[in-house]
Amino acid sequence: MKKNTTLLTTIFSAFLLLTSCSEDFWNFRPSEVPADCGVLYSGTHLDRNLPTGYRIASVGGMVFYYDPYGRLESIYNGNESIRFVDGVLAYADSRVSYKAALNSRGLLQKVEFSYRDGGYSDSKESGTARMYYNNNDQLQSITIRANWTEYQGGYRSSGSYEDNYSLRYIDNGRLNWIEHNWKEDGEHRESGRRTYQFRYTYGAYESMNNFWQYTPKMVECVLNDVEALGAFAYLGLMGRASSKLPSRIEYEAESHYEGEPNPDYDEGYINCGPYDTNFYKALRMADGVPYDYRSDASGRMSVRAAAPVLQTAEQSRRWFERPSRR
């Protein structure tokens, strides 16, 4: 879902700008959501057939709501929603807060987050997620680092954790391999490693991902344990996905827990597809999940009611979470 250079610059420089090299959370300056967020772009002759402003409207139960100017207003996943007030892609309530920045190519580069849970177990958590991309505007790695403190029964505990995701591509854009390593240091130490091998057995025509879109199974593996970012992947804010659609994903995993003599092992596979495309060659169905689109032929988007606002703090979604709580 890569867009041209001008469009990328417009979209992402308007998203959220990092104004300082400091790690201070409040150094982020939110700005308006651009009108071209979610618009499909392949860089091929297929783009000539797309209606003006052809963009993603929903992926299964995940719905994207736009204001009359085409700016993303809110995202609803079927159970909860996040609304970007006044067209700004930043979110905060009584317990969670997120802000983000973009790189020079206009791709999601950094998210800073903080959480607080009150009550009997008063805990705080804050950290940073950083994304890096290759020259093809495909996600190459994610690094998440965070610290936490917790008070329970008058006892204080604290710790930190780190997640590292590495992605490998072959054949000029086909996703081949993902490795996820994680560790947590606190009262106990935990660590683990999970790998995904992507297989492609469909024919050349059936496996083409014409607009380099993310599929639910890709999101599940690429964003393992941070699936909440899937909404941004579907919108194209995390770069281009694989140039082809996988038929099978094989995985292996092992986890180590301090005090346990033997690690936990897991292995298996995930069948992908089937896939179907619409008249414009964009995904209409992937992994049993339907895709829906809207266009802006008149130059302005039609109004859709915004998704319901979160009613209680308990509904707030944690985009990132330490391993011992997953």
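Residues numbered from 1 in each chain as written. Predicted model: local features only at pLDDT ≥ 70, side-chain atom pairs only at ≥ 80, totals over all residues. Heavy atoms only, no water.

Some thoughts on the overall build of the protein
Operational definition: Think of it this way: any DSSP run of H or I at least four residues long counts as a helix, any run of E at least two long counts as a strand, and we number them from the N terminus. Working definition: with a 1.4 Å probe on protein chains only, accessible area under 20% of the residue-type maximum means buried, over 50% means exposed, and in between means partly exposed. Residues are treated as being in contact if the distance between any of their heavy atoms lies within 4.5 Å. Accessible surface is estimated by sampling points in the Shrake-Rupley manner with a 1.4 Å probe; for residues, cover comes only from the protein chains shown.
Tallying secondary structure elements over the protein gives 3 helices and 19 strands in all. Going through the 326 residues of the protein one by one, you find that 53% of them count as buried. In the protein, of all internal contacts separated by at least 6 residues, the share reaching a separation of at least 24 is 60%. Accessible surface computed for the protein: about 15200 Å², of which carbon and sulfur atoms make up 46%.

Concerning the sheet that holds strand β4 (residues 62–66)
Using the following cut-off: Pairing between strands is defined by DSSP: at least two bridges between the two strands are required. All axes are obtained by fitting lines to C-alpha atoms, using only the stretch in contact for helices, and the reported angles, taken between N-to-C directions, cover 0 to 180 degrees.
Strands sit in the order β6-β5-β4-β3-β19-β18-β17 across an open sheet of 7 strands; the sheet is antiparallel. Two strands close off the open sheet at either side, each with one partner strand: β6 (81–83) and β17 (275–277). Averaged over all neighbouring strand pairs, the angle between strand axes comes to 25°, with direction disregarded.

Section: the side chain of threonine 143
Heads up, the condition is: Whenever two N or O atoms come within 3.5 Å, that pair is a polar contact, provided that in protein one can donate a hydrogen and the other can accept it, and provided that, for residues adjacent in sequence, both atoms are side-chain atoms.
Counting through the fold element by element, threonine 143 comes out in strand β11 (residues 139–152). In terms of polar contacts, threonine 143 uses its side chain to reach the side chain of asparagine 164, at 3.1 Å. Beyond its immediate stretch of four places on either side in the chain, threonine 143 contacts Thr128, Ala129, Arg130, Asp163 and Asn164.

Concerning the side chain of glutamate 190
Put simply, the test is: Charged residues are defined narrowly, with Lys and Arg counted positive, Asp and Glu counted negative, and His plus the chain ends left uncounted. The rule for a salt bridge is simple: a side-chain nitrogen of Lys or Arg has to be within 4 Å of a carboxyl oxygen of Asp or Glu.
Secondary-structure assignment places glutamate 190 in strand β14 (residues 189–199). Here glutamate 190 sits buried without a salt bridge, and the closest side chain of opposite charge, arginine 322, lies 8.0 Å off (N-O distance).

Regarding the pairing of strand β12 (residues 155–170)
Both β11 and β12 contribute to a ladder of 12 bridges, which runs antiparallel. Among the inter-strand pairings, asparagine 147 is bridged to a residue of β12, identified as serine 160. Hairpin connection from β11 to β12: 2 residues lie between these consecutive antiparallel strands, with glycine 153 at a positive phi of about 60°. Judged from the 11 bridges that link them, β12 and strand β13 (residues 174–185) form a sheet pairing that is antiparallel. The partner of asparagine 164 across the bridge, within β13, is asparagine 181. Between the end of β12 and the start of β13, which pair antiparallel, lie 3 residues, with aspartate 171 showing a positive phi angle near 50°.

Some details on the confidence of the model for the protein
This is how it is decided: One number per residue, pLDDT, summarises how confident the predictor is, and it ranges from 0 to 100.
Model confidence for the protein is summarised by a mean pLDDT of 80, while 78% of its residues fall at 70 or above. Taking the mean pLDDT of every element in the protein, the minimum, 35, falls on strand β1 (residues 16–18) and the maximum, 97, on strand β18 (residues 283–286). Predicted confidence for residues 2–26 stays below pLDDT 50, and this span has 78 contacts to residues more than four positions away or in other chains. Across residues 309–315 the pLDDT falls below 50, and counting only partners more than four positions away or on other chains, this stretch makes 13 contacts in the model.

Description of the state of the cysteines
Note the threshold: When the sulfur atoms of two cysteines come within 2.5 Å, that pair is taken as a disulfide.
Inspection of the entire model under this criterion finds 0 disulfides. The closest cysteine sulfur to the non-disulfide-bonded cysteine 221 is located on cysteine 272, 6.9 Å from its own sulfur. Its relative accessible area of 5% is what places cysteine 272 among the buried residues.

What to know about the pattern of salt bridges
Per the stated rule, a full pass over the model turns up 11 salt bridges. We note a salt bridge from arginine 199 to glutamate 250, for which the minimum N-O separation is 3.3 Å. In this pair, arginine 199 is assigned in strand β14 and glutamate 250 in strand β15 (residues 248–257), connecting sequence segments 51 residues apart. Exposure remark for arginine 199: the relative accessible area of 37% places this residue in the partly exposed category. Through salt bridges with shared partners, a single network forms among Glu150, Glu184 and Arg322.

Re the packing of aromatic side chains
Pairs of aromatic rings are described using the distance from one ring centre to the other and the angle between the two planes. To keep things clear, this is the line we draw: Pairing of aromatic rings covers Phe, Tyr and Trp, the last through its six-membered ring, and needs centres within 6.5 Å; plane angles under 30 degrees mean stacked, over 60 mean edge-to-face, and all others mean tilted. Placement of a charge over a ring requires the Lys NZ or Arg CZ to be within 6 Å of the ring centre, with the centre-to-atom vector within 35 degrees of the ring normal.
Evaluation of the coordinates by the stated rule reveals 8 aromatic pairs. Ring geometry for tyrosine 54 versus tyrosine 293: centroids 5.0 Å apart, planes at 15°, classification stacked. One end of the pair, tyrosine 54, is in the loop between β2 (28–30) and β3 (55–59); the other, tyrosine 293, is in strand β19 (residues 289–294), and 239 residues separate them in sequence. Judged by relative accessible area, tyrosine 54 falls into the buried class, the value being 9%. For tyrosine 293, a relative accessible area of 11% gives the class buried. Over the ring of tyrosine 269 we find arginine 248, and its NZ or CZ is 3.8 Å from the ring centre.

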